[in-house]
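Structural features, examined
Chain residues, written in single-letter form:
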Amino acid sequence: MDGAELIAAVIVVSDRVAHGERRGKSGPVIVDALQDAGCAVAPIVVVPEGSDAVATAIDQALASGARVVFTSGGTGLNPRNRTPEVTAERITTRLTGLENQVLIKGLQASDKAGLARGIIGLTARSPQGSLIVNAPGSSGGAADAVAVIAPLIPSIFNQLGARCQ
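Here the residue numbers are simple positions, counted from 1 along each chain's written sequence. It should be noted that, the model being predicted, local features are given only for residues of pLDDT at least 70 and side-chain atom pairs only at 80 or more, the latter also being counted only at that level, while totals for whole chains, interfaces and linings use all residues. In computing side-chain values, all of the structure's heavy atoms are included and hydrogens and water are not.

**Considerations on the pairing of strand E7 (residues 131–135)**
The buried label applies to any residue whose accessible area, calculated with a 1.4 Å probe on protein chains only, is under 20% of its type's maximum; exposed applies above 50%, and partly exposed to all values in between. Strands are runs of DSSP state E lasting at least 2 residues, helices are runs of H or I lasting at least 4, and numbering of each runs from the N terminus. Counting buried positions along E7 gives 5 out of 5 residues, so the element sits mostly inside the fold. Of the strand pairs in this sheet, strand E4 (residues 68–72) and E7 are connected by 5 bridges, and their pairing is parallel. The partner of Val68 across the bridge, within E7, is Leu131. Relative to E7, strand E6 (residues 120–122) runs antiparallel, the two being bridged by 3 bridges. Paired with Gly121 across the strands is Ile132, a residue of E7. Two strands qualify as a pair provided DSSP detects at least 2 bridges between them.

Following this line, the structure appears as structure tokens:
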């Protein structure tokens, strides 16, 4: 990366937000934390729940050069909550230690944190790899996830051999 700024994408996965029935609060929480961590963040993308919309949004983010793709929502138990399944198809390496850290942080605030099924992983273990993070759709759950991940972004990409600011 030669010291280039990392580009991040934030994807909010919610039927209610996508249909204008509710204002999405988690996206801005994630954007602020990623910007504070030194990432350039693309405009928030909002998609309905379900495999196709989530797959398209993640694929477009990766194709546009995003090195960090942070999803919020679609990690629960509802049959349309497919974000982890879609993410699993795009990663080569799961970062279960980070998944556990996010869970532990979430459980400090809510017993419901254990109901989220989000995964975290890399598309490749090389300088070209991207990090995909699935956060819960609640603003608190998203804040917990990004609080764990954002400070580690430089270390993650340095270990991949990609220098970042």
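**Regarding a positive patch on the surface**
A cluster of basic residues, Arg16, Arg22, Arg23 and Lys25, forms a positive patch on the protein surface. Position of Lys25 relative to the elements: it lies in the loop between helix H1 (15–18) and helix H2 (26–36). The patch calculation keeps residues exceeding 30% relative accessible area without a salt bridge and links them within 9 Å when they carry like charges or within 5 Å when they are nonpolar (Val, Leu, Ile, Met, Phe, Trp, Tyr). Throughout, the Shrake-Rupley method with a 1.4 Å probe supplies accessible areas, and for residues the shown protein chains are the sole cover considered. Whenever a carboxyl oxygen of Asp or Glu lies within 4 Å of a side-chain nitrogen of Lys or Arg, that contact is scored as a salt bridge. Asp and Glu count as negative and Lys and Arg as positive, but His and the ends of the chain are not part of the count. A charge is said to be at NZ when it belongs to Lys, at CZ for Arg, at CG for Asp and at CD for Glu.

**Quick look at the pairing of strand E1 (residues 7–13)**
Of all 7 residues making up E1, 6 are buried, and the element is well covered by its neighbours. Here E1 runs beside strand E2 (residues 40–41); their pairing, made up of 2 bridges, is parallel. Considered in E2, the bridge of Ile7 is made with Ala40. In the sheet, E1 pairs with E4 via 5 bridges, with the strands oriented parallel. Among the inter-strand pairings, Val10 is bridged to a residue of E4, identified as Phe70. Where E1 meets strand E3 (residues 45–47), 3 bridges bridge the pair, whose relative direction is parallel.

**Some words on the layout of surface pockets**
A 1.4 Å probe that fits into a set of points on a 1 Å grid over the protein atoms alone but cannot get out defines a cavity; an open set with protein on both sides within 12 Å along at least five of seven lines defines a pocket, and lining residues are those with an atom within 4 Å of a point. Grid points are joined across faces, edges and corners, and a volume is the space filled by probe spheres set on the points. The computed volume of the largest pocket comes to approximately 1,000 Å³. In terms of lining, the largest pocket is formed by 42 residues, of which the most central are Thr75, Ala116, Pro136, Gly137 and Ser138. For the lining of the largest pocket, the elements supplying multiple residues, two or more each, are E1, H1, helix H5 (96–107) and helix H6 (139–149). Of all the elements, H5 adds the most residues to the lining of the largest pocket, at 5 residues. Class assignment of the residues belonging to the lining of the largest pocket gives a composition of 11 nonpolar, 21 polar and 10 charged. Note on residue classes: Ala, Val, Leu, Ile, Met, Phe, Trp, Tyr, Cys and Pro are nonpolar, Asp, Glu, Lys and Arg are charged, and everything else, Gly too, is polar.

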